[in-house]
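So the chains spell out like this:
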Amino acid sequence: MQNPETGPISPTLDQARRQIDRYGLDADPQAVLVAARLMAAGARVGQAGEVHFGRFGLSTGRYRLLADLEDHGGEKSPSQLAASLGVSRATVTGLVDGLAREGLVARRPSTEDGRGNVVVLTARGAGKLRDLAPEHFARMQALVGGLTAEERTTFLDLLARVVAGVDALTED
């Protein structure tokens with residue numbers, strides 16, 4: 001397979017075979033190749049996402065937090081945000097601090113837990129999401145524009161199955 005701009009897509013199946021043979025392992029070269037390319041693609045998409053959201057003065061994390069708030073009635077506790085975003089409470093604190101400085105979110109005492117706070121999407125934050133939506137969703141659609149509707153359905157299924165195996169990289 002060739003990338004029109006950079007030549008052969010790396011790594012190749014032959015490279016995966018050579019590496020496995022070099023270490024005398026009993027591993028499926030194709031499985032290793034799929035995983036390696038998926039990780040490389042994820043890194044590239046992540047970098048492109050940062051450039052994309054940077055156009056709007058956001059990072060991917062900041063956008064995800066704003067969108068999550070919007071999707072849940074504009075209000076969530078920091079622990080709920082951490083769970084839904086799959087990040088630590090410390091990461092949420094950093095994201096909220098930056099967004100609060102820009103007036104895109106605010107903190108207020110929780111009505112359910114007098115000791116805690118909730119993060120609230122401000123009108124300015126909702127406006128930012130509304131303003132970036134046309135360009136954002138057009139670019140998201142273009143990202144997968146080379147896939148048919150049927151291929152996207154298959155891709156979503158495959159992606160869910162791959163994500164279910166992510167623990168193989170992180171568990172002890």
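S.K.: Hey, could you run me through the pairing of strand S5 (residues 117–121) in this one?
M.R.: As a general feature of sheets, a regular strand has side chains that alternate between the two faces. Of all 5 residues making up S5, 4 are buried, and the element is well covered by its neighbours. As judged from the 2 bridges shared by strand S3 (residues 75–76) and S5, these two strands associate in the antiparallel manner. Bridged to Lys76 within S5 is Val119. Direction of pairing for strand S4 (residues 105–109) relative to S5: antiparallel, over a ladder of 5 bridges. Paired with Val105 across the bridge in S5 is Leu121.

S.K.: What is the right way to read the packing of aromatic side chains from this model?
M.R.: Each aromatic ring pair is summarised here by two numbers: the centre-to-centre distance and the angle between the ring planes. All chains considered together, the criterion is met by 1 aromatic pair. Consider the rings of Phe53 and Tyr63, whose centres lie 4.6 Å apart with planes at 20°: the pair is stacked. Of the two residues, Phe53 is situated in helix H2 (residues 29–54) and Tyr63 in helix H3 (residues 60–71); the sequence distance between them amounts to 10 residues.

S.K.: Looking at this structure, how should I read the pattern of salt bridges?
M.R.: Here the idea is simple: oppositely charged side chains can pair when their charged atoms come close. Considering all chains together, one arrives at 7 salt bridges under this definition. In this structure, the salt-bridge partner of Asp68 is Lys76, at a minimum N-O distance of 2.7 Å. For the pair formed by Asp68 and Lys76, the shared burial category is buried. Between Asp97 and Arg107 there is a salt bridge; the shortest N-O distance is 2.5 Å. In this pair, Asp97 sits in helix H5 (residues 89–101) while Arg107 sits in strand S4, placing the two residues 10 residues apart along the sequence.

S.K.: Please clarify how the nonpolar core should be interpreted in this entry.
M.R.: Considering soluble globular proteins, one finds that nonpolar side chains tend to be buried as a cluster. Of all hydrophobic cores here, the largest spans 21 residues; its most connected members are Leu58, Tyr63, Leu65, Leu66, Leu69, Leu99 and Val105. In terms of residue count, H3 provides more of this core than any other element does, 5 residues in total.

S.K.: Even after reading the chapter, I still don't get the sheet that holds S3, so can you show me in this structure?
M.R.: Sheet strands pair via backbone hydrogen bonds, and the direction of the pair is either parallel or antiparallel. Reading across the sheet, the 3 strands line up as S3-S5-S4 and stay open at both edges, with antiparallel pairing between neighbours. Lying at the two open borders of the sheet, with one neighbouring strand each, are S3 and S4.

About the cut-offs
- Residues numbered from 1 in each chain as written.
- Predicted model: local features only at pLDDT ≥ 70, side-chain atom pairs only at ≥ 80, totals over all residues.
- Heavy atoms only, no water.
- Buried < 20%, exposed > 50% of the residue type's maximum accessible area, 1.4 Å probe, protein only.
- Helix = DSSP H or I, 4+ residues; strand = E, 2+ residues; numbered from the N terminus.
- Pairing = 2+ DSSP bridges.
- Phe/Tyr/Trp six-rings, centres within 6.5 Å; stacked < 30°, edge-to-face > 60°.
- Salt bridge = Lys/Arg side-chain N within 4 Å of Asp/Glu carboxyl O.
- Core = buried A, V, L, I, M, F, W, Y, C linked by side-chain atoms within 4.5 Å.

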